[in-house]
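Given next are the chains, with one letter for each unit.
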Amino acid sequence: MCGRRIPLVLSLCLIVGSVQSQSSSQDNFIIQYLERRLTQIEERLNQCEQNTVSITQKNYDLSSEVRGYLSTLTVLRSEVKSQMDSVSSRVDRVERELEYLENNIPNQSDIEMEEALLEQQIKAAELEQLKKKAAVRMENDCSTALSQVKSLKIVNKAGDIYGSWFKDPSEGSAKVYLLSGIRNNTVLEYASLESFIDKTSASPAKELQLPFRWQGTGHVVYNGFLYYHRADTPNQILKVDLLNGTVVDSTLLPGAGRLPVYSLNPNTYMDMAVDELGLWVMHADPEYGGNLVLTKLDKGTLAVEFTWDTQCRNRDAEGAFLICGTLYVVYNTRYGGRSTIQCLYDIHDTIHSNESPVMFFPKRYTSHSSIHYHPGEKQLYAWDDGYQTIYKVETRRNDQIIAQ
């Protein structure tokens, strides 16, 4: 019996173990399934939460946008109301003015008197302009005109490709001034032309600092004052005392600053000049087809004394200068070459372009960036591709020019 019980017990043990093993694997499967389902539920809950946050943010943004629209509508409504009130007041004012005009229409005799008064005022203004022009003519006995440009002399090579140099044309002054570049605030002052030429001179250049930068190359020095176009302004001219570097006076030149005065010198919008009659400035005005406008300035106050509209175009022009109130415009091509004087304008109306032959400059480099006439020396100080050059000029009386 005992021998039979042992196998039976063993069999029962094996059966119980097999049942327990099957039960354990089923439990593990169920647990894993439940874990996966819980994970999926958590992911969906997270997604739902994210969607809720997104919808909440969109609702907030939409609410803010609507509030902005409402605020804009409120402002527009206020503006419309204000405009309606303004229109209403204007209509009331127009009605009052019409009523006033109906009650105060002048008769024909009053109109004729007003027209006569206006005509007198126009004639008085024209007479005043003629007096100013006559004053310019009578300021100095200046009856000479240019007949030839000759005797090229290369003095030095200093500074940038563009710039200007000149002497103070006032009597007794020998100082030479150099302004390199098209935008700067440093002026080099030399005691004389010799010290400018001689680089080993014992008296080096004196650096003068300006309170404001210049623009272009159309500057001049006259009686110790520098006249120049202030940079970053369309048409402001400054008068600076070179002894202390202070601005003495300034003015805005009407009509200037919209076009370069010369198309081949596009950085210069106003070109200053000095001749036997005083201080001048040239500019190009688009209202006159880009032709040059010549203005006489009072050297003390910079007040405009008179303005002339010339027939000289700015297209293909590279520079200009004045001799005895006659404007000579220098032309070239954008490729460089030999400069020629092809147009002149005489404020005295004694010589004209068709009565004066085309004048050539002596052989030089490319193109002038500035040309300044010295009335005392009868010379032109020019800046030619970085070279400082001097031209001699020959002048004759106007009647001799006309007679040729």
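For the structure, check the block above.
So, here is what we can say about the structure in this document. (Residues numbered from 1 in each chain as written. Predicted model: local features only at pLDDT ≥ 70, side-chain atom pairs only at ≥ 80, totals over all residues. Heavy atoms only, no water.)

## Overview of the packing of aromatic side chains
Note the threshold: Only rings of Phe, Tyr and Trp enter the pairing, Trp through its six-membered ring, and a pair is recorded when the two centres are within 6.5 Å. The plane angle decides the type: under 30 degrees is stacked, over 60 is edge-to-face, the rest tilted. A simple rule labels every residue: compare its accessible area, found with a 1.4 Å probe on the protein chains alone, to the largest value its type can have, and call it buried under 20%, exposed over 50%, or partly exposed in between. Labels follow the DSSP assignment, with helices taken as runs of H or I lasting at least four residues and strands as runs of E lasting at least two, numbered in each case from the N terminus. Only Lys NZ and Arg CZ are tested; either one counts as a charge over a ring when it is within 6 Å of the ring centre and within 35 degrees of the ring normal.
All told, the structure shown has seven aromatic pairs when counted by the stated rule. Taking 4.6 Å as the distance between ring centres and 55 degrees as the angle between the ring planes, the aromatic pair formed by Phe306 and Trp308 counts as tilted. In terms of burial, Phe306 and Trp308 fall into one category: buried. Geometrically, the ring pair formed by Phe361 and Tyr391 is edge-to-face, given 5.0 Å between the ring centres and 90 degrees between the ring planes. Of the two residues, Phe361 is situated in the loop between β17 (359-360) and β18 (368-374) and Tyr391 in strand β20 (residues 387-397); the sequence distance between them amounts to 30 residues. Classification of Phe361 by relative accessible area gives buried; the value is 0%. Each residue in the set Trp165, Tyr190, Phe196 and Tyr381 is aromatic and connected to the rest through ring pairs, giving one cluster. The ring of Tyr60 has Arg67 sitting right over it, with the charged end atom 6.0 Å from the ring centre. We note Lys157 situated over the ring of Tyr387; from NZ or CZ to the ring centre the distance is 5.2 Å.

## Details of the sheet that holds strand β5 (residues 206-215)
Selection rule: One bridge is not enough; two strands pair if DSSP finds at least two bridges between them. In this analysis, axes come from line fits to C-alpha atoms, helices being fitted only over the stretch in contact, and the angle between any two N-to-C directions falls in the range 0 to 180 degrees.
Spatial strand order, β2-β3-β4-β5: four strands in an open sheet with antiparallel pairing. Each end of this open sheet is capped by a strand with a single partner; those strands are β2 (163-167) and β5. When the angles between neighbouring strand axes are averaged without regard to direction, this sheet yields 20 degrees. Bridging between strand β4 (residues 183-190) and β5 involves six bridges; their strand directions are antiparallel. Looking at the pairing, Asn184 lines up with Trp214 of β5.

## Side note on the state of the cysteines
Counted only if it meets this: Count a disulfide wherever a pair of cysteine sulfur atoms falls within 2.5 Å.
In total, this model carries one disulfide according to the counting rule given. Disulfide pairing is shown between Cys312 and Cys343; the S-S distance is 2.0 Å. In this structure, the disulfide formed by Cys312 and Cys343 twists by about -85 degrees around the S-S bond and is classed as left-handed. Placement of the pair is Cys312 in strand β13 (residues 304-313) and Cys343 in strand β16 (residues 340-346), with a sequence separation of 31 residues.

## Some details on the sheet that holds strand β14 (residues 317-323)
Within the open sheet, the four strands sit side by side as β14-β15-β16-β17. Their pairing is antiparallel. The open sheet terminates on both sides in strands that have one partner only, identified here as β14 and β17. Note that strand β15 (residues 326-331) and β16 share six bridges and pair antiparallel. Across the sheet, residue Leu327 finds its bridge partner in β16, namely Tyr345.

## Some details on the pattern of salt bridges
Where we set the bar: When a carboxyl oxygen of Asp or Glu lies within 4 Å of a side-chain nitrogen of Lys or Arg, that pair is called a salt bridge.
Inspection of every chain in the model, using the stated rule, returns ten salt bridges. The shortest N-O distance in the salt bridge between Glu287 and Arg258 comes to 3.6 Å. Taken together, the positions of Glu287 in the loop between β11 (278-284) and β12 (291-297) and Arg258 in the loop between β9 (246-252) and β10 (271-275) put the pair 29 residues apart, joining distant regions of the chain. Under the relative-accessibility criterion, Arg258 is labelled partly exposed at 45%. The closest approach of N and O atoms between Lys378 and Glu276, which form a salt bridge, is 2.9 Å.

## Comments concerning a nonpolar patch on the surface
We count it as follows: Note that patches include only residues with greater than 30% relative accessible area and no salt bridge, and the join distances are 9 Å for like charges and 5 Å for nonpolar side chains (Val, Leu, Ile, Met, Phe, Trp, Tyr). Method for areas: the Shrake-Rupley scheme with a 1.4 Å probe, in which residue coverage is limited to the protein chains shown.
A surface patch of nonpolar side chains, about 450 Å² in accessible area, is lined by Leu62, Val66, Leu70, Leu73 and Leu76. Here Leu70 is to be found in helix α1 (residues 2-103).

## Observations regarding unusual backbone geometry
In this model, Ser151 sits at a positive phi of 55 degrees, which is unusual for a non-glycine residue. Counting through the fold element by element, Ser151 comes out in strand β1 (residues 144-157). Of note in this structure, Asp385 is not a glycine but carries a positive phi near 55 degrees. Mapped onto the fold, Asp385 is located in the loop between β19 (379-384) and β20.

This is a description of form; function is not addressed.
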